[in-house]
Amino acid sequence: MLRHKKESDHLAAKFNEFSSLASAHVMIASFEIAVGHMFEPGADLDEISIFVSDMRRGFGSEVPSLETEALIRHMLGEDIAIDDLSVRTKTAAMIFTLMAWADFQQRDEAKVTHLVREAEQRAFERGHQPELA
């Protein structure tokens, strides 16, 4: 949603800047939830590849394609090595995936807010202390 200026300005005014480790855990939980909504466990590899290819076409070459596929497959429970991925690459993969999820939701603010609140609760249950929306 942040690539759309009007929405970016609105959201930036509404939410504080991510400034804590707990915020990173909210992003991770958001990614997990979004991936769970978009794909079934054991999703066909082609389905994930097509999704990531579409993301790259839509968002540009900054999308780390192979790494995003690996991270999505890992979230779906596959035994995929992701430890060698840098924090920067994992973060980019998650952000682009969340942007695609928001696009699928037609950038509906209520749906995005619901996802964030669910992710905050998940992070809180895991022992992190995010500031709840």
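Structural notes, computed from the coordinates. The shown structure was predicted, so the numbers you read here are calculated from the model rather than taken from an experiment.

Brief notes about the pattern of salt bridges
Applying the stated criterion across every chain yields a total of 4 salt bridges. Residue glutamate 32 is joined to arginine 126 by a salt bridge in which the shortest nitrogen-to-oxygen separation is 2.7 Å. Residue glutamate 32 is located in helix α2 (residues 21-38), and its partner arginine 126 is located in the segment after α6 (109-125); the two are separated by 94 residues in the primary sequence. Its relative accessible area of 44% is what places arginine 126 among the partly exposed residues.

Some words on the layout of surface pockets
Vacant regions in the atomic arrangement are exposed by a probe of water-molecule size rolled over the atoms. The computed volume of the second largest pocket comes to approximately 170 Å³. Contributing to the lining of the second largest pocket are Ala24, Met27, Ile28, Phe31, Leu71, Met75, Ile82, Val87, Lys90, Thr91 and Met94. When residues of the lining of the second largest pocket are traced back to their parent elements, those giving at least two are α2, α4 (65-75) and α5 (87-104). Within the lining of the second largest pocket, the residues separate by chemical class into 9 nonpolar, 1 polar and 1 charged.

Remarks on the packing of aromatic side chains
Going through the model one piece at a time under the given rule, you end up with 3 aromatic pairs. Where phenylalanine 39 meets phenylalanine 51, the ring centres are 5.3 Å apart and the plane angle is 85°; that geometry is what we call edge-to-face. Within this pair, whereas phenylalanine 39 is found in the loop between α2 and α3 (45-59), its partner phenylalanine 51 is found in helix α3, the two being separated by 12 residues in sequence. By the burial criterion, phenylalanine 39 is buried, and phenylalanine 51 matches it. Between phenylalanine 51 and phenylalanine 104, the ring centres sit 6.0 Å apart and the planes meet at 40°, which makes this aromatic pair tilted. Taken as a pair, phenylalanine 51 in helix α3 and phenylalanine 104 in helix α5 lie far apart in primary sequence, 53 residues in all. Members of the aromatic cluster, joined through ring pairs, are Phe39, Phe51 and Phe104.

Considering α4
What α4 keeps buried is the set Ser65, Thr68, Glu69, Ala70, Leu71 and Ile72. Just beyond α4, the residue with positive phi is glycine 77, at close to 100°.

A few points about the environment of glutamate 40
Looking at the secondary structure, you find glutamate 40 in the loop between α2 and α3. Separated by 36 residues in the primary sequence, glutamate 40 and leucine 76 place their C-alpha atoms 7.5 Å from one another.

Concerning the packing of α5 against α6
Close contact between α5 and α6 brings their axes to 9 Å; oriented N to C, the two are set at 140°. One way to sum up the angle between α5 and α6 is to call them oblique. Taken as a pair, α5 and α6 cross one another with a handedness that is right-handed. Residues Leu98, Trp101 and Ala102 of α5 form the contact with α6, whose participating residues are Lys111, Val112 and Leu115.

What counts, and at which threshold
Residues numbered from 1 in each chain as written. Predicted model: local features only at pLDDT ≥ 70, side-chain atom pairs only at ≥ 80, totals over all residues. Heavy atoms only, no water. Salt bridge = Lys/Arg side-chain N within 4 Å of Asp/Glu carboxyl O. Helix = DSSP H or I, 4+ residues; strand = E, 2+ residues; numbered from the N terminus. Buried < 20%, exposed > 50% of the residue type's maximum accessible area, 1.4 Å probe, protein only. 1 Å grid on protein atoms, 1.4 Å probe; cavity = no way out; pocket = protein on both sides within 12 Å on 5 of 7 lines; lining within 4 Å. Points joined across faces, edges and corners; volume = space filled by probe spheres on them. Nonpolar A, V, L, I, M, F, W, Y, C, P; charged D, E, K, R; others polar. Phe/Tyr/Trp six-rings, centres within 6.5 Å; stacked < 30°, edge-to-face > 60°. Axes fitted to C-alpha atoms, helices over the stretch in contact; angles between N-to-C directions. Parallel < 35°, antiparallel > 145°, perpendicular 65-115°, else oblique. Left-handed = near helix turned anticlockwise from the far one by under 90°. Contact = heavy atoms within 4.5 Å.

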